[in-house]
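Now for the letters of each chain:
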Amino acid sequence: MEKDLTSGSVFKNMVSFSLPYLLSYFLQTLYGLADLFIIGRFNGVDSITAVSVGGQVMHMLTVMIVGLAMGSTVTIGRAVGAKRSGQAALAVGNTITLFMGVSVAATGILLVLVKSVVAVMGTPAEAVSETVVYLTICFVGIPFITAYNIISAVFRGLGDSKSPMYFIAVACVVNIALDYWLIGGFHLGAAGAALGTVLSQTISVIAAFLMIRKKRTQITLKKDVFLPHRKIMGAILKIGIPVAVQDGFIQVAFIVITVIANHRGLNDAAAVGIVEKFIGVVFLVPSTMLSTVSALSAQNIGAGQHDRAKASLCYAVFLAAGFGLVVSAAMQFAGSAVVGMFTENAEVILLGDEYLRSYIWDCMIAGVHFSFSGYFCAYGLSGISFLHNALSIVCVRVPGAFLASRYFPDTLFPMGLAAPFGSLLSVIVCLAAFVWMKKYKRYVVKEV
């Protein structure tokens, strides 16, 4: 099961690890789009809105779970890199204990607050009842959704990015089949979409456990590794909490910018919504680089090979920024064609093209700070990632979007520039933090 990422070509390891990770992200994106597509074929606007609003809430929760699980990936990766199988087993066991406890508590709290959550999201009155049903079912399934994500985090910490890809592929196929059956066959509407999501994640978890039983590994999970270990849990939470809070903060910022666009009018809102969907797809590459750098660097840091960790960062910056440059340049000419794939409204296409041509440069610049974030997380310095993202959102992204919307009411181009300028601030903070790390030798990792 374990894959040694501390030897061989750093670039080859990065490519072989990142490609399955990228496909996993793509399948997760397809997973979410499938619910909206299928319910749109069999139900009305109220059901579509319920799944859309509920999906936003679940996406935010999932992103925060994945962020928290970054602490597990890094902690396990360091132990594997240092050839300390006992500590790796302890990290795996404590991860399971921690996340199952968190998921059960979150389920109870969210079920009590489900109606309040729907109200806070500003759900249209016609869709409130279905949204409540959708989220109630999804909240009940949080332990299974959490189980999938922690299993994936454990595998990636062990250097295996292919197995999580298989898990999400199973979930995606099963989810689409269940959606057609429950929504189209039994006419369950948003409830069918929610049941399909939860059941497919459950089946994916079962498939993961079956795969684990068949694979050979040097890590033995005995009963005592599931007992809470203060230093191990502390290490996981020290890395994971800032990332989880940061990711939640980013999702809130996206919602705020969406609200700003909504106040400009229907065409502006539609244009921003379409572009955000496309941006979510192209940002799969920077997101993959973040996770890849954290996993590769963690193993090499555990093995004391800091130069290889730095090389992982350099390759990731090159790949992510290079991809972003190509896509950004292409969108200066193909922006209207991309937006036109989603609508025939000429005004929306014009506004979307303006917004996309400026916003898309964020893909290149964000690729740099995403890579640095993965590097910082591998060293247990995820607080730096939280800092630069918080500064970017509070100082540039949200106020920049608001001011651009107010002073340039006839175009979305200036509003789109808020994102790349926010990322530019993040890059500056990351470079300063990198120099600080080297100057004060903060790359020396303490033993857990």
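Here, every reference points to the structure presented above.
Residues numbered from 1 in each chain as written. Predicted model: local features only at pLDDT ≥ 70, side-chain atom pairs only at ≥ 80, totals over all residues. Heavy atoms only, no water.

Below, the discussion takes up empty space enclosed by the protein. Taken as a whole and assessed by the stated rule, the structure comprises two cavities of 30 Å³ or more. Roughly 110 Å³ of internal volume is contained in the largest cavity. As for the largest cavity, its lining consists of Tyr21, Val66, Ala69, Met70, Thr73, Asn149, Ala153, Arg156, Ser291 and Ser294. Secondary structure elements with two or more residues in the lining of the largest cavity: α2 (45–81), α5 (142–157) and α10 (284–302). Per-element tally for the lining of the largest cavity: the top contributor is α2, with four residues. One number sums up the size of the second largest cavity: a volume of about 80 Å³. Taken together, Phe254, Ile257, Glu276, Tyr355, Tyr359, Arg397, Ala401, Met415, Gly416, Ala418 and Ala419 form the lining of the second largest cavity. Residues belonging to the lining of the second largest cavity are distributed by class as follows: eight nonpolar, one polar and two charged. (1 Å grid on protein atoms, 1.4 Å probe; cavity = no way out; pocket = protein on both sides within 12 Å on 5 of 7 lines; lining within 4 Å. Points joined across faces, edges and corners; volume = space filled by probe spheres on them. Helix = DSSP H or I, 4+ residues; strand = E, 2+ residues; numbered from the N terminus. Nonpolar A, V, L, I, M, F, W, Y, C, P; charged D, E, K, R; others polar.)

Now for the pattern of salt bridges. Throughout the structure, instances matching the rule amount to two salt bridges. Note that Arg357 and Asp353 form a salt bridge whose closest N and O atoms lie 3.2 Å from each other. Taken together, the positions of Arg357 and Asp353, both in helix α12 (residues 346–359) and four residues apart, correspond to about one turn of that helix. Classification of Arg357 by relative accessible area gives partly exposed; the value is 23%. The exposure class of Asp353 is buried, given its relative accessible area of 14%. (Salt bridge = Lys/Arg side-chain N within 4 Å of Asp/Glu carboxyl O. Buried < 20%, exposed > 50% of the residue type's maximum accessible area, 1.4 Å probe, protein only.)

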